[in-house]
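# Structural characterization, general
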Amino acid sequence: MDDRTLPDAAVRRPYRADARRNFDKLLAAARTAFAEQGISAPLEDIARAAGVGIGTLYRNFPTRQALFDAVYVGEVEELCRAAGDVADLPPWEAFSAWLDRFVSYVGTKRAISEELNRDSEMFRTSRVAMYEAGEPLFTRAQEAGEARRDASFDDVLRMITGIIATGYVSEEQRGRVLGFALDGIRTGED
C-alpha cells in the first residue's frame, strides 16, 4: 500500500522517534478509551493511559475531532498493512486473516462513528485505501475457487459489518456467527 493513497492525517506522524512513540501511544490509548467509554472518554484519562501529559495530547491533536480522525486513519493504516502481511498466505487463509483484522477495525469505527464525517475527504480516501488493500485478497480467493463468485467484496464487508453491529451474549457467540457467515462465502474445502 503506497502512503500516497492514505489520508493526510496518516502521514503527519512526528519525525523524532520519541515524539512518534508518544503519538502512537496516544492513538492506542484513545482507541481503547473510545471502545470502552465511548466518544466522551476524558482526554486527560487518555493522556494518562498513554503515559504523557495533556499538553502532549493537545500538541498532537489540537481538537477532539483531530483525535477521532487520527484514530480512524490509524485503524485504516493497520488494515491496509494487514493486507500486505497476509498476502503470501494461501488465498482463503489470506482473505479470512484480513477479515479478522477488519472485525477489529469495525469495532473501533463503531465506537467513534457518530463523530466521523462521512462526507470528508479523509473518510472517502480511507475507504478507497481499505478497498484497494482488501479487495485483491477476496478476488484471489474467488479466482482460486475458494470464495463464491456471485458475491462482491462490498457484499462481504457489509455483511461482516452488520454482524459486528449486533449485540452478542459473548465473544464466543460472535465468533460462531462470523464463522457461519464465512462458511456461506467459502466454496472450497479446508
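Summarised in this report is the structure supplied together with it. All values reported here derive from a predicted model rather than from experimental measurement.

Now for the packing of helix α6 (residues 121-143) against helix α7 (residues 153-165). Remark: α6 packs on α7, axes separated minimally by 10 Å, with the N-to-C direction vectors making an angle of 110°. With respect to each other, α6 and α7 are oriented roughly perpendicular. Contact with α6, carried on its side by R127, M130, Y131, G134, E135 and F138, involves F153, D154, V156, L157 and R158 of α7 and no other residues of that element. A breakdown of the residues in the contact of α6 with α7 according to their chemical character gives six nonpolar, one polar and four charged.

Moving on, we get to the packing of aromatic side chains. In the structure shown here, the tally under the stated rule is 12 aromatic pairs. Taking the centre distance of 5.7 Å and the plane angle of 40° together, the rings of W98 and F153 count as tilted. With W98 in helix α5 (residues 91-112) and F153 in helix α7, the pair connects residues that are 55 residues apart, well separated along the chain. Comparing W98 with F153 shows no difference in burial state: the two are buried.

The rules behind each value
- Residues numbered from 1 in each chain as written.
- Predicted model: local features only at pLDDT ≥ 70, side-chain atom pairs only at ≥ 80, totals over all residues.
- Heavy atoms only, no water.
- Axes fitted to C-alpha atoms, helices over the stretch in contact; angles between N-to-C directions.
- Helix = DSSP H or I, 4+ residues; strand = E, 2+ residues; numbered from the N terminus.
- Parallel < 35°, antiparallel > 145°, perpendicular 65-115°, else oblique.
- Contact = heavy atoms within 4.5 Å.
- Nonpolar A, V, L, I, M, F, W, Y, C, P; charged D, E, K, R; others polar.
- Phe/Tyr/Trp six-rings, centres within 6.5 Å; stacked < 30°, edge-to-face > 60°.
- Buried < 20%, exposed > 50% of the residue type's maximum accessible area, 1.4 Å probe, protein only.

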